[in-house]
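Results of the structural survey
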Amino acid sequence: MHLRITLGLIILSVIGFNQVLPAQNKAKVEIEHANVGEQRASLGPNVRLLIGNVKLKHGNTTMLCDSAYFHDYNDSTFIEAFSRIHIIQNDSIHLYGNKLTYNSREGVARVRENVKIEKQDITVLTEFLDYDRLGNFGYYFNGGEVLSGQNTLTSVLGFYYPDLNEVHFKDSVTVNNPRYTILSDTLKYHTITEVASILGPTFIHSDNNLIYSENGLYDTKNDKAHLFKGQKQSYVQGKENLLKGDTIYYDREQGLGEAFSQFELHDTTNNLIITGDYGYYNELTQYALATKKAQLLQVYQQDTLFLHADTLKAIPLIEEDSRLVKAYYNVKFYRKDLQGRCDSMVYDFRDSTNTFYNDPVIWAQKNQMTAQTIKLFSKNNALYKAELINSAFIIAPEQDSLHYNQIKGRNMVGYIRNNELYRIDVDGNGQTIYYPKDKDVVIGVNRAESSSLSIFLSKKQITGIKLRTDPNGNLNPPYLLPAEDVRLKGFIWLENIRPKSKLDIFKQVPMPKMDEYTKVYDDYQFGDTNE
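Here is a short report on the structure shown in this document. What you are looking at is a predicted structure, and each value in this text was computed from that prediction instead of being measured.

Looking now at the overall build of the protein chain. A tally of helices and strands in the protein chain yields two helices and 40 strands. Considering only residue pairs separated by 6 or more positions, the protein chain has 38% of its internal contacts joining residues 24 or more positions apart. When the accessible surface of the protein chain is summed, it comes to about 26500 Å², and 50% of that surface belongs to carbon and sulfur atoms.

Printed below as a string of structure tokens:
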């Protein structure tokens, strides 16, 4: 009799577990199948043990496992499942693990040991995962890994949102790709587009460069970045160059970085910085451009040259492993001991030469230099020579600002030591006017001419003149010569347009016309002859 009752209970249990029970409560789980089902007194009145090919159903979620404790209450179900757990959500999401606890009213499946989520080409691996069935998202909290295309993403915390095709990573985030590695604090990753949203301090390492950003997007499939300003500026650090900007577009395949607002390109090898409100740099061709408040900063020992132009370009010389920097239109520059203006400028890295074109004006301390073209030569980041080509003219005022020492010729070469002119050689039509002194008192005005001559200086004062070819000169008392005899032809003093600070290079001060400026100088210096 006892055997017959037990066998009957087992048959009824198996038949019952293979039938879909009517869902009287949405919070309850349905038993679709189990090879064996037992209800033991030791487990409690509401607990059943399911063994073998267990299949449970809750809404649009199917749960499979080897065995489970099924806790059935009036308004909910609690499940403890073991071994070969497989949860299917919306027929597209597959969740695997070795252990599971599930409260049907809460709707959260807690899966442990060898946990894996798969959806199309996305795989999530972890040892601890909670999956919210109602919200349709899963999260790990003790380390996890996501496989997507060529990317392997790891973090301490991770939230997977299948409906949004997104994974949110937090704490010690790493993305490993054959071409680069991403290290981040906070990252959001779109599983379809494979675009990573940068939400915290992030470093992207590759063989060619290092990218840093706190706010931006990185297309891991196409190797393109769109970086924005965080608390710190985004940047792309190459082997010899550093690109910064408030907004940066970067294409790794093309090697192109384009920056908007606060563009900076640092040449770390040559101590050179190019800035502007817009610019770009190609790390493959090494070509660069800056415009809109474009500025060149060139470091010389303990000082820096600040140069502004409408447009700046860095042009590579590939065969010579060098480059040129060109500045176009309205060039102005400032350094404590050197200032200037011109129409355009070229800096040649091959011989560290700055060439200024189209009627440049350069002020070297008290000396004003003009010519059709001026070249400045540097060695070890220090100036050592200046060449004035065609219509060369140097003017240096005396301390009383009433007298002007002047040197004029076809071409000149000025030699510089410790940032001071110590010798000037004039070649062709050389002319000078200078004021010899006795104990800082002007004793006369010396006017000399020679086809070629040399002038020697010490402590910014002329100490001697050597007339080499066809010399002609005379010394006259001061204040007795007429204006035309104390000014060489073409004299023009341009102190009022001289940049007095690094901010002055951005001021729009037009060059005066020669005839207008000469008249102003005559009226101020010698009085209006009409009076």
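Having put the structure on the table, let's press on.
In this structure, strand β21 (residues 241-245) lies alongside strand β23 (residues 256-267), joined through four bridges in antiparallel fashion. From the neighbouring strand, Leu243 faces β23, where its bridge partner is Leu265. The pairing of strand β22 (residues 247-251) with β23 spans five bridges and is classified as antiparallel. Paired with Ile248 across the strands is Ala259, a residue of β23. Counting the residues between successive antiparallel strands, the hairpin from β22 to β23 contains four residues, one of them, Gly255, with a positive phi of roughly 70 degrees. In terms of strand pairing, β23 meets strand β24 (residues 272-282) through 10 bridges, oriented antiparallel. Along β24, the bridge assignment pairs Ala259 with Gly279. Counting the residues that bridge the hairpin from β23 to β24 gives four residues, and of these Asn271 lies at a positive phi of roughly 55 degrees.

The backbone of Asp359 sits at a positive phi, close to 55 degrees, despite the residue not being glycine. Checked against the element boundaries, Asp359 lands in the loop between β29 (353-357) and β30 (361-364). With a phi angle near 60 degrees, Ser391 is a residue other than glycine that sits in the positive phi range. By secondary structure assignment, the location of Ser391 is in strand β33 (residues 382-397).

Turning our eyes to something else, we now look at the side chain of Asn151. Examined against the element boundaries, Asn151 turns out to sit in strand β11 (residues 151-155). A relative accessible area of 1% means that Asn151 is categorised as buried. At 2.8 Å, the side chain of Asn151 and the side chain of Asn177 are in polar contact. Within the structure, Asn151 has its side chain in polar contact with the side chain of Tyr189 (distance 3.2 Å).

So, on to the side chain of Ser155. If you trace the backbone, Ser155 turns up in strand β11. Using a relative accessible area of 6% as the deciding quantity, one classes Ser155 as buried. Here Tyr140 takes part through its side chain, which lies 2.8 Å from a polar atom of the side chain of Ser155. Side-chain polar atoms of Ser155 contact the backbone oxygen of Leu157, separated by 2.6 Å. Discounting residues that sit within four places of it in the chain, Ser155 has contacts with Tyr140, Gly143, Gly144, Phe169, Lys170, Asp171, Ser172 and Val173.

Applying the stated criterion to the full structure yields 22 salt bridges. The partner of Arg110 in a salt bridge is Glu106, and the shortest N-O contact between them spans 3.0 Å. The partly exposed category is assigned to Glu106, whose relative accessible area is 38%. Here Arg335 and Asp337 are joined by a salt bridge, their closest N and O atoms 2.7 Å apart. The exposure classification of Arg335 matches that of Asp337, with both residues buried. Residues participating in the shared-partner salt-bridge network are Glu106, Arg110, Arg112 and Asp130.

This paragraph deals with the pairing of strand β26 (residues 303-317). Of all 15 residues making up β26, 11 are buried, and the element is well covered by its neighbours. Strand direction decides the pairing type here: strand β25 (residues 287-300) and β26, joined by 11 bridges, are antiparallel. Each bridged residue has a counterpart across the sheet, and for Tyr300 the counterpart in β26 is Asp303. Note: β26 against strand β27 (residues 322-335), 10 bridges, orientation antiparallel. Looking at the pairing, Leu307 lines up with Phe333 of β27. Hairpin connection, β26 to β27: the antiparallel pair is bridged by four residues, and Asp321 has positive phi, about 50 degrees.

Rules used in this analysis
- All residue numbers refer to positions counted from 1 along the written sequence of the respective chain.
- Where local features are concerned, this predicted model is filtered to residues with pLDDT of at least 70; where side-chain atom pairs are given and counted, the filter is 80 or more; whole-chain, interface and lining totals use all residues.
- Where side-chain values are given, they derive from all heavy atoms of the structure, hydrogens and water being excluded.
- Secondary structure counts use DSSP, requiring at least four H or I residues in a row for a helix and at least two E residues in a row for a strand, with both numbered from the N terminus.
- Note on contacts: a residue pair is in contact if any heavy atoms of the two residues lie within 4.5 Å.
- Methods summary: accessible areas were calculated by the Shrake-Rupley approach with a probe of 1.4 Å, and residue burial reflects only the protein chains presented.
- Only when DSSP finds a minimum of two bridges between them are two strands counted as paired.
- Accessibility here uses a 1.4 Å probe with only protein chains present; expressed as a share of the type maximum, an area under 20% marks a residue as buried, one over 50% as exposed, and anything in between as partly exposed.
- Distance and chemistry together define a polar contact, namely a pair of N or O atoms within 3.5 Å, with one atom able to donate a hydrogen and the other to accept it when in protein, and with adjacent residues in sequence counting only for side-chain atoms on both sides.
- Here, a salt bridge means any side-chain nitrogen of Lys or Arg that lies within 4 Å of a carboxyl oxygen of Asp or Glu.

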